[in-house]
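Here's the letter readout for the chains.
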Amino acid sequence: MEDGILPGWTGRILFYDLSKRRARVWEYDGDMALRFFGGRGFAARILWDMVPRGADPLGPENKLVFAAGPLTGLPGPSTGKLVVAAKSPLTGGYGDGNIGCLAAVQLRRAGFDALVVEGASDRPVYLLVEDGKAEAIDADELWGLITFEAERRLRERHGRGAGVLVIGPAGENLVRYATVVSQEGRAGGRLGMGAVMGSKKLKAVVLVGSRDPEAAVPAELKRLAREAYEDIRSKKGYGFWMRQGTMMTVQWAQENSVLPTRNFSEGVFEEASSIDGYAMERAKIAQRGCPLCVMTCGNVVRDAEESPVEVDYENIAMLGSNLAIGDIRRVAVLNRLADMLGLDTISAGNAIGFAMEAREKGLLPDAPEWGDFDAARRLLEDIAYRRGELGGLLSLGVKRASEELGHEAEGFAMHVKGLEVTGYDCHAAPGMALAFGTSPIGAHHKDAWVIAWEVKTDRLAYSREKVEKVIWMQRIRGGMFETLVACRLPWIELGFDLEWYPRLIKAATGVSVTLDDLFELADRVYALIRVYWVREFGGWSREMDWPPRKWFETELTEGPYKGHRLDPNGYGRMLSWYYEARGWDERGVPRKSALERLGLGDVASALSGIVGLRE
Ligand code: SF4
C-alpha cells in the first residue's frame, strides 16, 4: 500500500453537496490510484462505496462523478477526456460515458482528479469550480435553455477557456437518456447522466484552473508525446481519417451488412451512399475535436437548415438508416437538435426506430412512418420535453416503452439491460452480439468493438476465440482507456501501438506498469461494476446478458447475409465460456475466489450478504 499520492495524480477528489451547498476534499492515497487509476475505475469504486443500495437514480442519494485520469491534460495523444458516471436512471445499474472536451483538462488544472456531486439543490444552480474552490450559483435564467445557448452565456461570464458541461431540456425533464453536453456537439453519459444532473437541479458545471497537472518527468513526457504525435501523423490511414473520421464506417457497415436499418431489421440500407463519408465530405465545412488530439474526428457539416453540426458514424446511422432517412443534411438536423436538447443521439434514434416499427405493426398509430423526417424532428422535441403520450412513452427508453406496449413490442425493443443498442446490426455477428450482451453498461460498442475483426474472420462461428477477443478488447477499451482516461481511436483506427501507454504512464506518474498490469486493473474494474449490478438487482440471471430477441427471432431479408439470424444455443455456449474466463459462475455472478484474486475481498464480503457467492 502506498501512503502518499504519486506524481501525475493530483490526489484530490472534490465532493460538492448541493443540499448543504458545502464542499469537501478527499485526499485519497496511492493505493486508490494504483488499483483504480482514474476515470471509470474511480467512478466504479466511489459509486460502490458511497451510493447506498437501492438508491433512487434520480434522488439525492445518487452521486454524479466526473473523473479524469493520470494522463488527462498532460501532453500525450488524445488525453483530453473525462468519464461521467452515476447509477443510471435508464438501467438501474452502473452507468457511465466519456466526453472529450476542455472541461476534462480544466478539472485537472483546477486541482482535482475527479468531482463528485452529491445531494440535490431545491432550485436551479450551476457549479463553479475554480482553482481548488467550489460554489453553487443560482441559474434560474439558464434553466430551460438549450445546451448551446446556456454554454454560450456561461462562457461569456467565465471566459472562453472555461470548461463547461451542461444539460438541456431533456436533462431538466429527466428523460432517461439525457446526456451531458459540451462545446456544441461533444456529449457523454448516454445512460441518463444528464437526467441525474437535472434531478439535482444542476444546469451546468463550469471548471476553471490555472495550474497544469504535474508529471513525474515533464521533459521526458513532452519528448514522448512529441514522438507519439509524429507516429500518429505518419500512419497510413491518417490522411483518410482526417477527411472522414468515423464517418468512413457507414460505407464499411453497408458493405459488411451491419448498418442498422429500420430498427435493426436489416444490415443494409438502399440509400447508404446518401449518408456515408463521401456524402458528409460534400457537406463538410469544418473539423474539430477534443483537446490534445492530432487526429480530430469531429466533422462539421452544414445541415439542411443551414446550421453547422458535428456528425459521426453512430449519430448518422441511428438517426439515418435506422429511421430510413437517406439525406445526410436532414439527418444532421436531427443530430443537431438532439445535441441542443441534450438527448442521446443513439438512444433517440433507437427509440424513434422502435416507434416507427410499432406503427408498422399497428401498435402505435401516431408514431412517424419510416423515413418521415418532419415527424421524426417533431418527435425528438416531444421526447425531450416529455410532451404528449408518445413523447412521454419514448422518454422512458425502449425497454420500459416496450413493457408498456406488451409482449409483441418487447420482441423488437433493441436494448441490453435497458440501454439501447448502438449502430451495429448483429443478425450475422455473434461476437459483436456477445460484446453488446456483456458490456458493463448495457448495449454499447465502446467496450468491445469486435465487429471489425469479426467480419474478417469466421464470421458466423460461435467460438471460444471470439469470446477471448471480446474479453481482450474489453480489457483494452473498457478497462485501460476508460481508466486512463484516453481516447481509444489512435489505437483502434490507426494502429498506434499500445506499448506507448506504459511509457507515457511511467513519464507521467513515475510508476512502471506493463500492459498485463493494466489488463488486471481492467478486470478489477469490470468485476466491481458487475457486483454493483448484482447488488442493485439482488442477484443475476443469464437473460440480463442476452442480446435483443429480434436478432434471434427474425432473419435478414436483404444483403449478403440474407436468411441469417443468431442461434440461441451458440450464443448461450459463448456466454458460458465468457463467464468461465472471467471467473464468474453460471449465473454471471463473480466467484469469491475471482474477487479475492483481484484484491476485492472487501467487496466479496459485502456482496455475500445479498447473494450466495460460489467459491
Ligand atoms: S480521435 Fe476524435 S474522439 Fe478521439 S480524442 Fe480525437 S477528436 Fe476526440
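Everything numeric here is computed off the predicted structure, so don't read it as measured data. (Residues numbered from 1 in each chain as written. Predicted model: local features only at pLDDT ≥ 70, side-chain atom pairs only at ≥ 80, totals over all residues. Heavy atoms only, no water.)

(A) Representation of the environment of tyrosine 313 within the structure. Take tyrosine 313: it is sitting in helix α11 (residues 313-319). A relative accessible area of 2% means that tyrosine 313 is categorised as buried. The residues touching tyrosine 313, leaving out its near neighbours within four places in the chain, are Thr246, Met247, Thr249, Val250, Ala253, Leu259, Pro260, Gly423 and Tyr424. (Helix = DSSP H or I, 4+ residues; strand = E, 2+ residues; numbered from the N terminus. Buried < 20%, exposed > 50% of the residue type's maximum accessible area, 1.4 Å probe, protein only. Contact = heavy atoms within 4.5 Å.)

(B) Broad picture of helix α20 (residues 464-484). For α20, spanning 21 residues, the distance from its first C-alpha to its last is 29 Å, which sits close to the expected 30 Å at 1.5 Å a residue. A bend of about 30 degrees at glutamine 474 is the largest found in α20. For α20, a buried count of 15 out of 21 residues is recorded, marking the element as mostly surrounded by other parts of the structure. (Expected span 1.5 Å × (residues − 1). Bend = angle between axes of the 7 residues up to and from the residue.)

(C) Examining the environment of phenylalanine 519 more closely. Within the secondary structure, phenylalanine 519 is located in helix α23 (residues 515-537). A C-alpha to C-alpha distance of 9.9 Å links phenylalanine 519 and methionine 473, two positions 46 residues apart in sequence.

(D) Main features of the packing of aromatic side chains. Considering all chains together, one arrives at 26 aromatic pairs under this definition. When the centroid spacing of 6.0 Å and the interplanar angle of 80 degrees are considered together, the rings of phenylalanine 552 and tyrosine 571 count as edge-to-face. Of this pair, phenylalanine 552 sits in helix α24 (residues 550-553) while tyrosine 571 is found in helix α25 (residues 568-582), placing the two residues 19 residues apart along the sequence. Of the two residues, phenylalanine 552 and tyrosine 571, both sit in the buried class. (Phe/Tyr/Trp six-rings, centres within 6.5 Å; stacked < 30°, edge-to-face > 60°.)

(E) Region of the structure containing the sheet that holds strand β15 (residues 308-311). An order of β13-β14-β15 is seen for the three strands of this open sheet, with the pairing classed as antiparallel. The open sheet has two free edges, formed respectively by β13 (284-288) and β15, since each of these has just one partner strand. The sheet shows a mean angle of 30 degrees between the axes of neighbouring strands, direction not considered. The pairing of β13 with strand β14 (residues 298-302) spans four bridges and is classified as antiparallel. Note on β14: the bridge partner recorded for arginine 288 is glycine 298. (Pairing = 2+ DSSP bridges. Axes fitted to C-alpha atoms, helices over the stretch in contact; angles between N-to-C directions.)

(F) Molecular detail of the nonpolar core. Core analysis: the biggest nonpolar cluster contains 214 residues, and Phe66, Tyr94, Leu165, Leu343 and Tyr501 have the highest contact counts within it. With 13 residues, α23 is the single largest residue contributor to this core. Excluding anything up to four places from it in sequence, tyrosine 501 contacts Leu71, Met480, Phe481, Leu484, Ala486, Cys487 and Phe496. Among the nonpolar cores identified, the runner-up in size contains 15 residues, and Tyr126, Leu128, Ile137 and Leu145 belong to it. (Core = buried A, V, L, I, M, F, W, Y, C linked by side-chain atoms within 4.5 Å.)

(G) Quick peek at the site of the ligand. Ser78, Lys81, Arg186, Gly289, Cys290, Cys293, Met295, Thr296, Cys297, Cys487 and Leu489 make up every residue found near the ligand. Tallied by class, the residues present in the shell around the ligand amount to six nonpolar, three polar and two charged. (Near = heavy atom within 4 Å. Nonpolar A, V, L, I, M, F, W, Y, C, P; charged D, E, K, R; others polar.)

(H) Main features of the packing of helix α13 (residues 345-360) against helix α16 (residues 398-405). Contact geometry for α13 and α16: axes closest at 10 Å, N-to-C directions at 20 degrees. It follows from the interaxial angle that α13 and α16 lie roughly parallel. Crossing of α13 over α16 shows right-handed handedness. Taken together, the residues of α16 that come into contact with α13 (itself represented by Asn350, Ala351 and Phe354) are Val398, Ala401, Ser402 and Leu405. Within the contact of α13 with α16, the residues separate by chemical class into five nonpolar, two polar and no charged. (Parallel < 35°, antiparallel > 145°, perpendicular 65-115°, else oblique. Left-handed = near helix turned anticlockwise from the far one by under 90°.)

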